[in-house]
Amino acid sequence: MDPAGFERDFFRALNAFVEPAVRAGLGGPCLVPVGLVGLETAGRRSGRLYRTPLLASLVDGCIIVGTFRPRSNWVRNAEAAPAVRCWLNGRELCGRAHVLRPGRQPELPETVSQLVRAIAENLLTRYTAFGWSFAIIEPDAEEPTAGAA
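As the structure is a prediction and not an experimental result, all values here were calculated from the model. (Residues numbered from 1 in each chain as written. Predicted model: local features only at pLDDT ≥ 70, side-chain atom pairs only at ≥ 80, totals over all residues. Heavy atoms only, no water.)

Engineer: Before we move on, can you summarise a nonpolar patch on the surface with the specific residues and values?
Structural biologist: Together, Phe68, Leu123, Tyr127, Phe130 and Trp132 give the surface a local cluster of nonpolar side chains, amounting to about 580 Å² of exposed area. In this fold, Phe130 is placed in the loop between α3 (114–128) and β6 (133–139). (Patch = residues over 30% accessible without salt bridge, like charges linked within 9 Å, V, L, I, M, F, W, Y side chains within 5 Å. Areas by Shrake-Rupley, 256 points an atom, 1.4 Å probe, with all protein chains shown as cover. Salt bridge = Lys/Arg side-chain N within 4 Å of Asp/Glu carboxyl O. Helix = DSSP H or I, 4+ residues; strand = E, 2+ residues; numbered from the N terminus.)

Engineer: Please give an account of the packing of aromatic side chains that cites residues and values.
Structural biologist: In total, this model carries 3 aromatic pairs according to the counting rule given. An angle of 70° between the planes, with centres 6.3 Å apart, marks the rings of Tyr127 and Trp132 as edge-to-face. Here Trp132 and Phe134 contribute two aromatic rings whose centre-to-centre distance is 6.0 Å and whose plane-to-plane angle is 10°, an arrangement assigned as stacked. Aromatic ring contacts, followed pair by pair, group Phe68, Tyr127, Trp132 and Phe134 into a single cluster. (Phe/Tyr/Trp six-rings, centres within 6.5 Å; stacked < 30°, edge-to-face > 60°.)

Engineer: Now, about α3: what can you tell me, with residues and values included?
Structural biologist: The terminal C-alpha atoms of α3, which comprises 15 residues, lie 20 Å apart, in line with the 21 Å expected from a rise of 1.5 Å per residue. All of the buried residues in α3 are Val116, Arg117, Ala120, Leu124, Thr125 and Thr128. (Expected span 1.5 Å × (residues − 1). Buried < 20%, exposed > 50% of the residue type's maximum accessible area, 1.4 Å probe, protein only.)

Engineer: Tell me about helix α1 (residues 3–23), and name the residues and values.
Structural biologist: The terminal C-alpha atoms of α1, which comprises 21 residues, lie 29 Å apart, in line with the 30 Å expected from a rise of 1.5 Å per residue. Within α1, the full set of buried residues consists of Gly5, Glu7, Asn15, Glu19 and Val22. The inward-facing, buried residues of α1 contact β1 (34–42) and β2 (49–59). At the N-terminal end of α1, a side-chain oxygen is found 3.0 Å from the backbone nitrogen of Gly5, two or three residues along, and the residue is Asp2. (Contact = heavy atoms within 4.5 Å. Polar contact = N/O pair within 3.5 Å; in protein donor to acceptor, adjacent residues only side chain to side chain.)

Engineer: Any details on the pairing of β1? Residues and values, ideally.
Structural biologist: On any regular strand, side chains alternate: one points to one face of the sheet, the next to the other face. Burial analysis of β1 places 7 of its 9 residues in the buried class, which makes it a mostly covered element. Bridge count between β1 and β2: 9 bridges; the pairing is antiparallel. Bridge pairing in β2 links Gly35 to Ala56. Between the antiparallel neighbours β1 and β2 lie 6 residues, among them Gly47 with a positive phi of about 80°. Pairing of β1 with strand β4 (residues 83–88) involves 3 bridges; the strand directions are antiparallel. Pairing of Glu40 across the sheet is with Arg85, part of β4. (Pairing = 2+ DSSP bridges.)

None of the figures reported here should be taken as evidence of function without further support.
Written out as structure tokens, the structure reads:
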């Protein structure tokens, strides 16, 4: 099996085991601002919903997730369809993902706090030079609706 296929299969198997527990609230950021969240994105070609457990940080009401894997589909899916759903400590939130990846400058709306903007522009963009990708998820103010993504 080629290395890319092995990596893909490994993470699919791991995610299938971890994601339901994360969605139920296990490992979420509670006492510290870092933990696991479940991110749901719509497939950029199929429109199918995909759920991925990710390590996240909470900063000024935004959720920051990232990956060092250049072939992570959730990054490309969130870039193509930025309306996402997120499970944080067992609670479902709808929001908008603002993707930062190699070769792409952050485009953050005015509603994102100065602190989150500074982290994106001065810290996260430095890591994109090494192949990392990030999404800053800005939760919607209203409650989620069924099937929203």
